[in-house]
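Below, each chain spelled out in residue letters.
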Amino acid sequence: MKRRILSLLLAVLLTAALPVTALAVNNYTDLTGHWAASYILELSDLGYLTGYTDGTVRPEGIITANEALVLLSRFYDVDDAALELIHDDYGDFVESNVDVTLRWAYDELELCLAAGILSENELRNLRLTAPIEKELLSVLLVRALQKTDEADALVDRGVELDFSDTDEIAPAYRGHIAVLVDAGIVEGNSRNEFLPHAQVTRGVVAAMIVRSLDYLEEEGDYLALEGYTDVTRQSGILVDYGSEQLTFRGPDGIVRRYPVAADADVTVQDGDNRLDDNLAGSRLSLRLSEGQITAVTVQNRPNYEYVQGRVSSVARSGTGYDVRFNDADDGKSTRIRLPRGTDVTINDRVEGPEDLEIGMYLTVTYRGDDVSEVSAVSGNVTVEGTVSRMTYGTPAVLEVTTEDGGLVRFDLDLTNLPDIYWGENSAGIDRVTVGSRAELTVRGGRLTEIALEMSDETLDGIVTSIVSTTGGTTWMITDEYNNTQSLTVSPSANAYQNGKAILVSAVQVGDTVSVVVEGSTIVEIYLVQGTGSSANKVSGTVLAVDDDDSVITLLNTSNRLIYLDVRQVGAILESSTGTAVPLAALKPNEQIVAYGSYVDAANFRAASIIWEN
């Protein structure tokens, strides 16, 4: 980004100049002792700025409003397709309201309108060829950096500036200037004056541009035009990188994964611009297009640490607030102390620590041992997509492929599951199947609800064939019109008879069924005829043991959840020794075989258990 923007400085800063090729930096005759020399020299060192034929760069030359707008438009990386859309929206207006002598800047002015850097009314009334005042340039720069909301929030909170001439700054603009001050982009002169109505020199512009670019790189910000391109931005903390896949946890606590395009633009601060696992824990921002990461900036800053978690308590204490949250990585309770008046960004607005609430998802930036930045997300976040993985274990893992081609992952505690609905009906976790459409509700980084879309496609008929292989089970069903369909039975399909859950294996050839179908897969079975199963044995892997209710959650060999009622089991026999052990001795991932009888398709009343230790 820095090189792209700086490449335009020759056209903007030195408009109408005659550059000298290969003019050495030391030959600039008018920079000695100038306060902006380092900024201008930095641009020159990058190879994007040359001087005039007389060997000067004229740092005190005045910049016009038009030149400033052209420069600000370059903060946006817009492709030709987007530019055409922007021209359709603003081309006629610019052509009608901007003098033809400035035709060379029409595209840039159109982009400024699309980006909200200025409004149509402001452009209509702005003297483009007149020098621009520092106050106005500051406002336009904040808009270009997409920090207007932060500026407005500061105004609402009664921002105070320390300049000796603050009274000369328009009250509505003080928030904008405060944003630039906080970002290190502007500062006062030797007399601590801001000089809001002063004309802006090329030296001042060079300083503001260099500082703005540094700020964007440090923050990992990319500026996109919403509504004109397919490019979206996301940010968060890098979890891991491997096999050209990048996983990160966003400010809302959701873990997302996207493939990285082969030609992606990678920037690693204080690194070699290569992604690897050593960067885990770093802050990042990225651009997405067509389901792939096309650009990513990683802040691998020494002495910085980023920690996320769900707020568990907020307590006023003395002159500040004690905030506790559960670390997302290790689950440990962490406390931070925030003095009264500390800026806390909540839902992209600058608030205070008193506005934090239990359940919000927090991102804390540490610089050494000190808290340097705090942000939080409140409210529900919804994610829509298709279930691509449902694996039972400790924990269970749910992955959903989202609308933009990415993937979100949630680790589920089988003893504390979110609310699950299939249509309007409550459902169990075994109803979450690969291929199901789902809407996930997340609050404070915690998955609180899974709403599964109910298919309205049903098939009634007679089962004429059942074929089971290692690849799955296929049924042939013939309907009343003598049409036969071949359908795959989902491994997690539920079966019912007379309102009671039964085993899928209870369905036999010749039975009449009504099945719910998604694509070519049976996901729900209603048996019109049949007597159920007489199975008296179940085996599998222990996922959880509930001593209080005497229930074992088991993943059977068919990858289905079975709940064992073990109240009638006196002791568990260890297969290798024959020794009786108590229920409490069983741990997750142990292999057991239970004997007894099914109560329904998901519940088994055990009479005895053998522990295959």
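Participant: So what exactly am I meant to see when it comes to the overall build of the chain here?
Facilitator: The helix and strand tally for the chain stands at eleven helices and 32 strands. With the principal axes as the frame, the chain shows a C-alpha extent of 100 × 65 × 45 Å. Of the contacts formed within the chain by residues at least 6 apart in sequence, a portion of 61% connects residues at least 24 apart. Carbon and sulfur atoms form 44% of the exposed surface of the chain, whose accessible area is close to 29,400 Å². The positive charge centre, built from 45 side chains, and the negative charge centre, built from 94, are 5 Å apart in the chain.

Participant: Would you mind showing me how to read helix 11 (residues 202-219) here?
Facilitator: What sets the pattern is the α-helix's 3.6 residues per turn: residues three or four places apart point alike. Between its terminal C-alpha atoms helix 11 stretches 25 Å, which fits the 26 Å expected from 18 residues at 1.5 Å a residue. Most of helix 11 is tucked away, with 14 of its 18 residues classed as buried.

Participant: Honestly, unusual backbone geometry in this entry has me stumped. Any pointers?
Facilitator: Trans is the common state for peptide bonds, and a negative phi is the common state for residues other than glycine. Backbone torsion omega between T394 and P395 reads 5°, so that peptide bond is classified as cis. In this fold, P395 is placed in the loop between strand 13 (380-391) and strand 14 (396-402). If you check the backbone angles, R58 has positive phi at about 55° while not being a glycine. Note on placement: R58 falls in the loop between helix 3 (37-45) and helix 4 (65-73). R58 gets classed as partly exposed once you look at its relative accessible area, which sits at 38%.

Participant: In this structure, what is going on with the packing of helix 9 (residues 148-156) against helix 10 (residues 174-182)? I would like to understand it.
Facilitator: Angle between the axes and distance between the axes: these two values describe a pair of packed helices. Two elements in contact, helix 9 and helix 10, have axes whose closest approach is 7 Å; the angle formed by their N-to-C orientations is 115°. Of the possible angle classes, the one that applies to helix 9 and helix 10 is roughly perpendicular. As helix 9 runs across helix 10, the sense of the crossing is right-handed. Across the interface between the two elements, T148, E150, A151, D152, L154 and V155 of helix 9 pack against G175, H176, A178, V179 and D182 of helix 10. A breakdown of the residues in the contact of helix 9 with helix 10 according to their chemical character gives five nonpolar, three polar and three charged.

Participant: I keep staring at the environment of D370 and nothing clicks. Help me out?
Facilitator: Tracing the chain through its elements places D370 in strand 12 (residues 370-377). Overall, D370 belongs to the exposed group, its relative accessible area being 55%. Along the sequence, D370 and V569 sit 199 residues apart, while their C-alpha atoms lie 55 Å from each other.

Participant: Explanation requested: the packing of aromatic side chains in the structure shown.
Facilitator: The tally for this structure, following the rule as stated, stands at three aromatic pairs. Each ring, one from F248 and one from Y258, has its centre 6.3 Å from the other, and the planes form 20°; the classification is stacked. Of this pair, F248 sits in strand 2 (residues 245-249) while Y258 sits in strand 3 (residues 255-268), and the two are ten residues apart along the sequence. Under the relative-accessibility criterion, Y258 is labelled buried at 3%. Ring plane angle 25° and centroid distance 5.7 Å describe the contact between Y496 and Y526, whose orientation is recorded as stacked. Within this pair, whereas Y496 is found in strand 22 (residues 484-497), its partner Y526 is found in strand 25 (residues 521-527), the two being separated by 30 residues in sequence. Residue placement shows K134 over the ring face of F194; its charged tip is 4.4 Å from the ring centre. Its guanidinium or amino end placed over the ring of Y304, R301 lies 3.9 Å from that ring's centre, counting from NZ or CZ.

About the criteria used
Residues numbered from 1 in each chain as written. Predicted model: local features only at pLDDT ≥ 70, side-chain atom pairs only at ≥ 80, totals over all residues. Heavy atoms only, no water. Helix = DSSP H or I, 4+ residues; strand = E, 2+ residues; numbered from the N terminus. Contact = heavy atoms within 4.5 Å. Areas by Shrake-Rupley, 256 points an atom, 1.4 Å probe, with all protein chains shown as cover. Lys, Arg positive; Asp, Glu negative; His and termini not counted. Charge placed at Lys NZ, Arg CZ, Asp CG, Glu CD. Expected span 1.5 Å × (residues − 1). Buried < 20%, exposed > 50% of the residue type's maximum accessible area, 1.4 Å probe, protein only. Axes fitted to C-alpha atoms, helices over the stretch in contact; angles between N-to-C directions. Parallel < 35°, antiparallel > 145°, perpendicular 65-115°, else oblique. Left-handed = near helix turned anticlockwise from the far one by under 90°. Nonpolar A, V, L, I, M, F, W, Y, C, P; charged D, E, K, R; others polar. Phe/Tyr/Trp six-rings, centres within 6.5 Å; stacked < 30°, edge-to-face > 60°. Lys NZ or Arg CZ within 6 Å of the ring centre and 35° of its normal.

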